[in-house]
Amino acid sequence: MTNDSNPTDEQPTKGRQGARWGQERRLEFIDYRLRWDGQINRSNLTDFFGISVPQASLDITEYTKLASNNMEYDTRARVYRATEAFQPVFQSSAVERYLEDLLRVAVQPDVPYGSFLGWQSPVAGVPKLGRRLNADVVGEILRAIRENGSVEVTYQSMTDPEGSERKLTPHALVHDGNRWHARAYCHKRNDFRDFSLTRIKRAQYAGPDHERASMDTAWNKMVDVVLTAHPKLSPAKRRLIESDYSMENGEMHLECRQALLLYLLFQLNLTEDQAVQRPEVIQLALKNRDELYALLHP
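Bear in mind the structure is a predicted one, so any value in this text is a computation, not a measurement. (Residues numbered from 1 in each chain as written. Predicted model: local features only at pLDDT ≥ 70, side-chain atom pairs only at ≥ 80, totals over all residues. Heavy atoms only, no water.)

Further remarks concern the overall build of the chain. Regarding its fold elements, the chain presents 10 helices and 11 strands. By the compact-globule yardstick of 19 Å for 298 residues, the chain is too spread out, its C-alpha radius of gyration being 25 Å. Taken over the C-alpha atoms alone, the chain extends approximately 70 × 65 × 35 Å along its principal axes. When the 298 residues of the chain are sorted by exposure, 39% land in the buried category. (Helix = DSSP H or I, 4+ residues; strand = E, 2+ residues; numbered from the N terminus. Rg over C-alpha atoms; globule rule 2.2 N^0.38 Å. Buried < 20%, exposed > 50% of the residue type's maximum accessible area, 1.4 Å probe, protein only.)

Here it is as structure tokens:
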């Protein structure tokens, strides 16, 4: 009886991910570890992905074909080290991704996010208030979005803390930086609104409706938010803020859905109520302030 298996095939028997990974994903891993750990060896690949040593060698060889100047072998330490000429090949090696990985692990170290982190710098994050999400409610909302259907819900609000019955036709989920919402057509108000998922206490699929996303004007309209350093800051402080945000010609442009504009301004400390604070607290200003505020009160 012959054995036709290739000795370099992946053997995902001991990898912590518990499933096969494609070679491109492993090449991303090599790129990531070189960028942020400064080195990699075959055991990093075999331990993380559960592949054979010959397969790890093939992956490293394949990576050198993509970026021949990115690493060199240190015979004494028996590792591949990033060279001074290193340039990342994959977007997954971006600094934003790395810092997000660090923060997720710091906040919830027991949750397997599947990041490529190796050595980790000490890091801390400001605690966030947790909000309870009901998986069954989210599941019904997603079904309605997927099937262009509606849901019957019991919804609580600050004006109606006891809750009331509503029929919603959701078409998207929204995260405002703190909470998850469903963007939906409210059959009671005959209008499109955001409904906090934590305040939906009951949701039941109510059958097909029809496609409504194209009718949501505020959702489909994109707004140009033009930011500058606060004009009442000193010139030196304005230059600092402009450098912080990589502004060009003293401006920074953000594209935002009109429906999400209030959330964005709140995060930036630039709502009408927040704008009365000291310039050193606000730091930024809206160049097109009147235009944007008008959109908040149509």
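Glancing now at the pairing of strand E5 (residues 164-175). Inspection of the sheet shows strand E4 (residues 149-155) paired to E5 by five bridges, in the antiparallel sense. Along E5, the bridge assignment pairs Val 151 with Leu 168. (Pairing = 2+ DSSP bridges.)

Our focus in this paragraph is the pattern of salt bridges. Summed over the entire model, instances satisfying the criterion amount to 17 salt bridges. Measuring nitrogen to oxygen at the nearest pair gives 3.0 Å for the salt bridge that ties Asp 194 to Arg 183. Residue Asp 194 is located in strand E7 (residues 191-196), and its partner Arg 183 is located in strand E6 (residues 180-186); the two are separated by 11 residues in the primary sequence. The same class applies to Asp 194 and to Arg 183, which are both buried. (Salt bridge = Lys/Arg side-chain N within 4 Å of Asp/Glu carboxyl O.)

Further remarks concern the sheet that holds strand E9 (residues 222-229). Spatial strand order, E10-E9-E11: three strands in an open sheet with antiparallel pairing. Pairing within the sheet leaves two strands with one partner each, and these edge strands are strand E10 (252-257) and strand E11 (284-286). In this sheet, neighbouring strand axes are inclined to one another by 35 degrees on average, regardless of whether the strands run parallel or antiparallel. As paired strands, E9 and E10 are joined by six bridges and run antiparallel to one another. Looking across to E10, one finds that Val 223 is bridged to Cys 256. Sheet strands in contact with helix H10 (residues 289-296) are E9 and E11, and its direction is about 135 degrees off that of E9. (Axes fitted to C-alpha atoms, helices over the stretch in contact; angles between N-to-C directions. Contact = heavy atoms within 4.5 Å.)

Turning to H10, its buried residues number three or more, namely Leu 292, Tyr 293 and Leu 295. Viewed end-on, H10 has its buried residues packed into an arc of 155 degrees, placing them on one side of the element. Close packing links the buried residues of H10 with E9, helix H8 (261-267) and E11. (Arc of directions from axis to C-beta.)

The end-to-end C-alpha separation of helix H4 (residues 95-107) is 18 Å, in line with the 18 Å expected for 13 residues at 1.5 Å each. For H4, the set of buried residues is Tyr 98, Asp 101 and Leu 102. Taken end-on, H4 shows its buried residues confined to a sector of 95 degrees, consistent with a single buried face. Away from its buried face, by an angle of more than 90 degrees, H4 presents the exposed residues Glu 96 and Val 107. Where H4 is buried, its residues meet helix H1 (23-36). (Expected span 1.5 Å × (residues − 1).)

Two numbers describe how H1 lies on helix H3 (residues 53-66): the axes approach to 10 Å, and their chain directions differ by 70 degrees. Our classification of the angle between H1 and H3 gives roughly perpendicular. In this structure, H1 contributes Gln 23, Arg 26, Leu 27, Ile 30, Asp 31 and Leu 34 to the contact, and H3 contributes Gln 55, Leu 58, Asp 59, Ile 60, Glu 62, Tyr 63 and Leu 66. A per-class count over the contact of H1 with H3 returns seven nonpolar, two polar and four charged. (Parallel < 35°, antiparallel > 145°, perpendicular 65-115°, else oblique. Nonpolar A, V, L, I, M, F, W, Y, C, P; charged D, E, K, R; others polar.)

What follows covers the environment of Pro 231. With respect to the element layout, Pro 231 can be found in the loop between E9 and helix H7 (235-244). For Pro 231, a relative accessible area of 57% gives the class exposed. Taking C-alpha positions, Pro 231 is 8.9 Å from Gln 283, a pair spaced 52 residues apart along the chain.

Right, let's talk about the sheet that holds strand E8 (residues 200-208) for a bit. Strand order in this open sheet of five strands is E7-E6-E5-E4-E8, and the pairing throughout is antiparallel. Among the strands making up the open sheet, the edge pair consists of E7 and E8. Averaged over all pairs of adjacent strands, the angle between their axes in this sheet comes to 45 degrees, without regard to strand direction. The pairing of E5 with E6 spans seven bridges and is antiparallel. Paired with Val 174 across the strands is His 181, a residue of E6. Packed on one face of the sheet, helix H5 (residues 135-146) meets E4, E5, E6 and E8 and runs near 25 degrees to E8.

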